[in-house]
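Here is what each chain is made of, one letter per residue.
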2 protein chains.
Amino acid sequence: MAEKIYSYQHLFNFTNQVFQQIGCPAEQAELAAEVLLSADLRGIDSHGVARLSGYVRLWEAKRVNATPNIRIIHETPSTAVVDGDSGLGLVVAPFAMQVAIEKAKKAGTGWVSVQNSNHFGIAGYHAMMALEYEMIGMAMTNASPLVSPTFSTERLLGTNPICVSIPAGEEPAFVADLATTTAANGKLEILQRKNQEAPLGWIQDKEGNPSTNAHELKTGGALLPLGGDREHGSHKGYALGAVVDIFSAVLSGANYGPWVPPFPAYVPMPTGMPGKGIGHFFGAMRVDAFRPAADFKHHMDNWIRRFRSAKTVAGEEKVLIPGDPEREMEALRMKEGIPLLDAVVTDLSAVGERFGVKL
Amino acid sequence: MAEKIYSYQHLFNFTNQVFQQIGCPAEQAELAAEVLLSADLRGIDSHGVARLSGYVRLWEAKRVNATPNIRIIHETPSTAVVDGDSGLGLVVAPFAMQVAIEKAKKAGTGWVSVQNSNHFGIAGYHAMMALEYEMIGMAMTNASPLVSPTFSTERLLGTNPICVSIPAGEEPAFVADLATTTAANGKLEILQRKNQEAPLGWIQDKEGNPSTNAHELKTGGALLPLGGDREHGSHKGYALGAVVDIFSAVLSGANYGPWVPPFPAYVPMPTGMPGKGIGHFFGAMRVDAFRPAADFKHHMDNWIRRFRSAKTVAGEEKVLIPGDPEREMEALRMKEGIPLLDAVVTDLSAVGERFGVKL
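Residues numbered from 1 in each chain as written. Chains lettered and ligands numbered in written order. Predicted model: local features only at pLDDT ≥ 70, side-chain atom pairs only at ≥ 80, totals over all residues. Heavy atoms only, no water.

Asks: Teacher, can you tell me more about the overall build of chain A here?
Replies: A tally of regular secondary structure across chain A gives 10 helices and 12 strands. In terms of C-alpha radius of gyration, chain A reaches 20 Å, essentially the compact-globule figure of 21 Å for 359 residues. Overall, chain A is about 50 × 50 × 45 Å in size when its C-alpha atoms are taken along their principal axes. Residue pairs at least 24 apart in sequence account for 65% of intrachain contacts in chain A once pairs closer than 6 positions are excluded. Carbon and sulfur atoms make up 51% of the accessible area of chain A, which amounts to about 13100 Å² in all. Averaging the positions of the 32 positive and the 38 negative side-chain charges in chain A gives two centres separated by 1 Å. (Helix = DSSP H or I, 4+ residues; strand = E, 2+ residues; numbered from the N terminus. Rg over C-alpha atoms; globule rule 2.2 N^0.38 Å. Contact = heavy atoms within 4.5 Å. Areas by Shrake-Rupley, 256 points an atom, 1.4 Å probe, with all protein chains shown as cover. Lys, Arg positive; Asp, Glu negative; His and termini not counted. Charge placed at Lys NZ, Arg CZ, Asp CG, Glu CD.)

Here it is in C-alpha cells:
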C-alpha cells in the first residue's frame, strides 16, 4: 500500500482550516484538529485524520453542530452531566474532561457523563488531560454497534474503549487505552486492505460462527468482545463493553446499545432512539486526594521499573508498560512525519478542494 | 468427586463460630461469615467457605489481626484511604465500601483505597452494597501474584478482579464480577481435581510457552491475562489487571505487583515489600448525581431487556446479563443447600474440631 508522509504541522493546519470552513469557531477548530491528529501521532491511524471526511459528512447530514452550546445540565460536588448540543465529540469531550478536573480540584475526584455528543477521537487524549494536574484520568465512550454480546448474533455494542492514564514521577505516565473487543475495528480494516485473514477470536459471521474473513462485518458478522469466546472469557469483554455503554449513556441520557448513532453518515439512524446522540464518561482523581503526590509518584516509578525490567519470554525484548508504544510512536512521527495511505490522501484532497484548502 | 450438601444457615453458623473462636468480635465474625458464604451462594466456590482454613492459618501466622482498628487515615469530600490494620479483608472491605457510600451521599460519589488488608472474598459482595442506596458500586482488589504480563515469564499480578454493580428498576441489578485473567484460578483448580487439561490461552509454562497442563503453576507457570496472547488482546487484560493493582495499592500504600502477600500462610513473604498488606479499591456513585433515579432505572430496565431478548447463536438459550448466573445460583443454593467437596468437608471438620465447633 503506497503512502505519503506529511509533517504534523502540515496536517494540523489543513485539519484546522477544514473545521473552520464548516463553521467551527477558531478555538474549537484548533482543538478539534489537535485531538484528531493526536490519534495519528500515537499510531492509532483508524481514529485520526483519515476520519476527517467522515466528520464533514456528519456535518452535512446535520448530525454535527459546528457551533454547539456545550453546557452542564446537572451537577453535584463530584459529578456533572454535560449536554454536547450535537457538537463534535472532539470538542465536547475536552470540555467535559475539564469539568471533571475542576471538580476534582475541590472534591478530590470528578466524574462527568455526556449526552448528545459525537465520536470523540481517541480516549487517550482526554484521559491524558488529567496528567498535568497530577491526577489520574479516565475516558470512555460508546460507539456504533459492531460487537455481539456472548451467545448473540446481533450487534449491540460498540468497540467501547476505556482509557486510564496514571501519572508517575521520573518515568513517563502509564496510559492504558483499549477497545473492549479482542481487536479494534481499525485492525480489521488493515487486514481488509491487505486482503488478509483475521485470527480466530476476532470476529464471527452472521450466524455467530467463528470466522477468519476480515470482510465478515459487511455481511452481518460482528466483532467479538475481548476474550473472543465463552471459554476464553468473552463474557468479561462483553461485561466491560456494557459498563462503558451504561456509564456513557444510561447515566447521561444518550443513546445506548443498538441505538447508538452510526458514524457513517449514509447509514440510516436507528428507530426508537431512547436518548440524545452518543455518550461519553470521564473521570479525574487527584492522586493527593489519597496520599502525598510525591509518595504516589515514587511508588508509581517503582511499579513501572519493576514491570519494565521483568524477565521476558525468549525472543521478546522487554515487557511493555501500557502507553509505551504510543509514546514512542508519537516521538517518531513528530520528528519524521505522519504516513498517510494513498486512499486517505485522495479522500482528504477532495475534502480540501471542496473548501479551498490545499492538502 | 463426592460431595455433601449443607444448608446456608448451617455453614453460616459454623463459619461465624470459627471466626469468633479466633477472637473476632461477634459483629465482625458474623459479617465475615456472611461475606465468605456469599461466594458459595453465588457459585464462586473457590472464594467461599473452602478458604476458611486458609484464613485461620493466616491468623495463626499472625498475618491476620482478629481485632483490628480499621480507620480512615486520609480523606477529601469524595475520597478516603482506609488502614485495615491487618484485619480480615472480609470485614475491612465492607467498612471501606460503607465509607465510599457515605461520601457519595454528600459529594455524589465516593472512592476509597485500602492498605494493610487481607483477601476480601468476592468483589461482588462489596460492590453490591451500593445497590440498596440507588448507587452504582465498584470493588476491586489486588492479590497474590499468579499472572504474567504479556511477554513475561514472571508472575507479577494477581487475578485482580473488578466488580461493577448497577441498579435497575423492575429488572434485577447488573452485576459484572470478573477476574482480569482469561480464567480465574478457581476454574483451574477444578480442572486439577478432575485431572483435565486446560484450554489453550489460560496458562503458560515457566518459559512462557502456551500450555494446557492444569498443574503448570506448581512448576513456575502462570495464569494469562484476559485475551490469552498478544494477538488476542492479552495486553488489554494485563493493562486492566495493572490498573486494579495501582488503584488498590499504589494509591493506598499497600503492596503491589510481585510484593503482594501470598494467601497460603506457608509461602514466605516477599522481601523488600514496598507497602502494607493487600490493597483494595471501592467506588460508589449515586445515580441521581447524574439524572433522576427514576429515569435512570427506566432506561436501565430498557437496556437489560433489549440485551436479554437479543437473537442468540443456534443452540444457546438466551443472552445473559452480567449477574444472571450468580443470582440464579444464589436462589437455588439458598433453597437446596450448598454442595461441598469431600476434601473441603474433611478440611473444615478439622478446623471445627480444633475450635470445638461441629460442622
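Asks: Honestly, helix α4 (residues 89–107) of chain A in this entry has me stumped. Any pointers?
Replies: An α-helix turns once per 3.6 residues; consequently, residues spaced three or four apart project the same way. Residue and element names in this part refer to chain A. With 19 residues, α4 should cover 27 Å at 1.5 Å per step; its first-to-last C-alpha distance of 26 Å lies within 8% of that length. Most of α4 sits out of view: 14 of its 19 residues are buried. Downstream of α4 by one or two residues, G108 has phi in the positive range, about 100°. (Expected span 1.5 Å × (residues − 1). Buried < 20%, exposed > 50% of the residue type's maximum accessible area, 1.4 Å probe, protein only.)

Asks: I would appreciate a short explanation of the sheet that holds strand β8 (residues 203–204) of chain B in the present structure.
Replies: In sheet architecture, strand pairing relies on hydrogen bonds along the backbone and comes in two forms, parallel and antiparallel. Residues and elements named next belong to chain B. Within the open sheet, the three strands sit side by side as β9-β8-β10. Their pairing is antiparallel. Looking at the sheet topology across the chains shown, the edges are occupied by β9 (210–211) and β10 (222–223). Summarising the sheet, β8 and β9 pair through two bridges and their orientation is antiparallel. Bridge pairing links I203 to S211 in β9. (Pairing = 2+ DSSP bridges.)

Asks: Help me understand the interface of chain A and chain B, please; the structure alone is not making it clear to me.
Replies: In many analyses, interface size is given as the accessible surface area lost on bringing the parts together. Contact with chain A, which involves 91 residues of that partner, is made by 91 residues of chain B. Of the roughly 7100 Å² buried where chain A meets chain B, counting both sides, 68% is carbon and sulfur surface. Summed over the shared surface of chain A and chain B, the result is two salt bridges. Across the chain A-chain B interface, the total number found is 38 residue pairs in polar contact (both at pLDDT 80 or more). Here the side of chain A that touches chain B gets 12 residues from one element, more than from any other, and that element is helix α7 (residues 234–250) of chain A. (Buried area = accessible area lost by both parts, 1.4 Å probe. Salt bridge = Lys/Arg side-chain N within 4 Å of Asp/Glu carboxyl O. Polar contact = N/O pair within 3.5 Å; in protein donor to acceptor, adjacent residues only side chain to side chain.)

Asks: Explain the packing of aromatic side chains here, please?
Replies: On inspection of all chains with the given rule, the structure shows 23 aromatic pairs over all chains. Between W59 of chain A and F355 of chain A, the aromatic rings sit 6.2 Å apart at their centres with planes inclined by 55°, giving tilted as the arrangement. With W59 of chain A in helix α3 (residues 52–60) and F355 of chain A in helix α10 (residues 342–355), this pair connects stretches of sequence that are 296 residues apart. One aromatic cluster is present, built from ring pairs that chain together W111, F247, F281 and F290 of chain A together with W111, F247, F281 and F290 of chain B. Positioned above the aromatic ring of F263 of chain A is the side chain of R51 of chain A, whose terminal nitrogen or guanidinium carbon lies 4.6 Å from the ring centre. (Phe/Tyr/Trp six-rings, centres within 6.5 Å; stacked < 30°, edge-to-face > 60°. Lys NZ or Arg CZ within 6 Å of the ring centre and 35° of its normal.)

Asks: Just checking my understanding: could you explain the nonpolar core for this structure?
Replies: Among the nonpolar cores identified, the biggest contains 104 residues, and F174, F247, M300 and W303 of chain A together with F174, F247 and W303 of chain B are the most heavily contacted of them. Those residues in contact with M300 of chain A, other than ones at most four positions away along the chain, are I166, P167, A168 and F174 of chain A together with I246 and V250 of chain B. (Core = buried A, V, L, I, M, F, W, Y, C linked by side-chain atoms within 4.5 Å.)

Asks: Just to check I follow, could you spell out the pairing of strand β5 (residues 135–141) of chain A for this structure?
Replies: Here is the key point about a regular strand: its side chains alternate between the two faces of the sheet. Residues and elements named next belong to chain A. Counting buried positions along β5 yields seven of seven residues, so the element is predominantly enclosed. With burial as the criterion, each face of β5 is covered, one bearing M135, G137, A139 and T141 and the other bearing I136, M138 and M140. In the sheet, β5 pairs with strand β11 (residues 278–286) via seven bridges, with the strands oriented antiparallel. In the strand pairing of β11, T141 is matched with H280. Here β5 runs beside strand β6 (residues 162–166); their pairing, made up of four bridges, is antiparallel. Each bridged residue has a counterpart across the sheet, and for M140 the counterpart in β6 is I162.

Asks: For this particular structure, what's the right way to read the pattern of salt bridges?
Replies: Two side chains of opposite charge can pair, provided their charged atoms sit close to one another. Overall, the coordinates contain 30 salt bridges over all chains when judged by the stated rule. We note a salt bridge from R308 of chain A to E171 of chain A, for which the minimum N-O separation is 2.8 Å. Placement of the pair is R308 of chain A in helix α8 (residues 293–308) and E171 of chain A in the loop between β6 and β7 (174–178), with a sequence separation of 137 residues. Note that D324 of chain B is salt-bridged to R308 of chain B, the shortest N-O span being 2.7 Å. Of this pair, D324 of chain B sits in helix α9 (residues 324–336) while R308 of chain B sits in helix α8 (residues 293–308), and the two are 16 residues apart along the sequence. Residues joined by salt bridges that share partners form a network here, namely E170, E171, R305, R308, D324 and R327 of chain A.

Asks: What is the right way to read helix α7 (residues 234–250) of chain B from this model?
Replies: The first and last C-alpha atoms of α7 of chain B sit 23 Å apart over 17 residues, in line with the 24 Å expected at 1.5 Å per residue. Burial of α7 of chain B is extensive: 16 of the 17 residues sit out of reach of the surface.

Asks: Which parts of the structure should I look at to understand the relation of the copies chain A and chain B?
Replies: Both copies of the chain are related through a single rotation about an axis accompanied by a shift along the same axis. Mapping chain A onto chain B leaves a residual RMSD of 0.0 Å; the transformation is a rotation of 180° accompanied by 0.0 Å of translation along its axis. In the structure described here, the two chain copies are related by an operation that fits a two-fold rotation axis. Identified as the residue of chain A closest to the rotation axis by C-alpha distance is G227 of chain A, at 2.4 Å. The fraction of interface residues of chain A whose copies in chain B are also interface residues reaches 100%, indicating that both copies meet through the same surface. (Least-squares fit on C-alpha atoms with pLDDT ≥ 70 in both.)

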